[in-house]
Structures are given as structure tokens and as C-alpha cells.
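Read off the chains here:
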Amino acid sequence: QVQLVESGGGLVQAGGSLRLSCAAVGTFGLGAMGWYRQAPGKQRELVAAINSRGGTKYADSVKGRFSISRDNARDTAYLQMNSLKPEDTGVYYCNAAGVWEARGSGSHYSEGDSWGQGTQVTVSS
């Protein structure tokens, strides 16, 4: 497994922005990456994913507000979150070594075995 270290979470007011980072200690098997979040009382959900070529996908709830990116030279992935809403509150986890499936009309990211420790994002109203 690849060890992932997350940072960038915090407390912001609605409408604010945060940038999460996910640094990999090892790069073997990194491949596609994704960001997940889990809100209290809810199941973990995929927020965004990016493949090795820069292709991306987003949950409908964050389209137009969040942006996932990666810096392969620094073995780091990012999640830029703008126009934050209280419903974005939760623990965010980065994931690596997942499987990216492209079908032409869409794509799907299946989680890998490498997880960050989680970082809390709290958006106040």
C-alpha cells in the first residue's frame, strides 16, 4: 500500500474555500486517485476522482465548485473546494491505487486500498 498524508482541513464560513492536499510517501501503484467524504450519520461518498492522464469526475453535488488535481512530480493530489456549503461538512479522505474504468460515455472510480488519515472540514452557516 501507498501511505498517504492529508492536510488542509479546517473551519470556514459558507461561501469560503479550502484546499486539501494528499501527499504520498510511496508512489508504487498510485495510479488513479479519489477524494471521499463522510458526513455524520451518512455513508462515505466519492467526491471527485482523477486518472493518470488528468481525466476527472465529480459528484453532482460538487460540480462547478470543487476541482481535483494532481502533481505527479511531488506525488501529491489536491482538492480545491470553493463556494463551500454547510452540507459539505465531513471528514475527507484521499484514496489511491484505485481502478479507473472508462466506457466512452462516462467513467467510474473504484477505491483502492491506500487511504489518507482523514481531515475534518467544517463549514459554518
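Residues numbered from 1 in each chain as written. Predicted model: local features only at pLDDT ≥ 70, side-chain atom pairs only at ≥ 80, totals over all residues. Heavy atoms only, no water.

**Quick notes on the overall build of the protein**
1) Next: Helix and strand counts for the protein come out as zero helices and 12 strands.
2) Next: Along the protein, helices and strands appear, N-terminal first, in the series β-β-β-β-β-β-β-β-β-β-β-β.
3) Next: By the compact-globule yardstick of 14 Å for 125 residues, the protein fits well, its C-alpha radius of gyration being 14 Å.
4) Next: Referenced to the eigenvectors of the C-alpha coordinate spread, the extents of the protein come out at roughly 40 × 35 × 25 Å.
5) Next: The buried share of the protein, reckoned over its 125 residues, is 40%. (Helix = DSSP H or I, 4+ residues; strand = E, 2+ residues; numbered from the N terminus. Rg over C-alpha atoms; globule rule 2.2 N^0.38 Å. Buried < 20%, exposed > 50% of the residue type's maximum accessible area, 1.4 Å probe, protein only.)

**Describing the sheet that holds strand β8 (residues 76–81)**
1) Next: Pairing in this open sheet of four strands is antiparallel, and the strands run β1-β3-β8-β7 from one edge to the other. Pairing within the sheet leaves two strands with one partner each, and these edge strands are β1 (4–7) and β7 (66–71). The mean inter-strand angle of the sheet, taken between neighbouring strand axes irrespective of direction, is 15°.
2) Next: In the sheet, strand β3 (residues 18–24) pairs with β8 via six bridges, with the strands oriented antiparallel. Along β8, the bridge assignment pairs Ser21 with Tyr78. (Pairing = 2+ DSSP bridges. Axes fitted to C-alpha atoms, helices over the stretch in contact; angles between N-to-C directions.)

**What about the state of the cysteines?**
1) Next: The final tally for this structure, using the stated rule, is one disulfide.
2) Next: Across the disulfide, Cys22 is cross-linked to Cys94 (sulfur-sulfur distance 2.1 Å). For the disulfide bridge between Cys22 and Cys94, the dihedral angle about the S-S bond is near 60°, and by the sign convention the bridge is right-handed. Residue Cys22 is located in strand β3, and its partner Cys94 is located in strand β9 (residues 90–102); the two are separated by 72 residues in the primary sequence. Taken as a pair, Cys22 and Cys94 share a single burial class, namely buried. (Disulfide = S-S within 2.5 Å.)

**What about the pattern of salt bridges?**
1) Next: In the structure shown here, the tally under the stated rule is six salt bridges.
2) Next: Put simply, Arg37 and Asp88 hold a salt bridge, and the shortest N to O gap is 2.9 Å. Within this pair, whereas Arg37 is found in strand β4 (residues 32–38), its partner Asp88 is found in the loop between β8 and β9, the two being separated by 51 residues in sequence.
3) Next: The shortest N-O distance in the salt bridge between Asp60 and Lys63 comes to 3.0 Å.
4) Next: When salt bridges with common partners are traced through the structure, they connect Arg37, Glu45, Arg65 and Asp88 into a single cluster. (Salt bridge = Lys/Arg side-chain N within 4 Å of Asp/Glu carboxyl O.)

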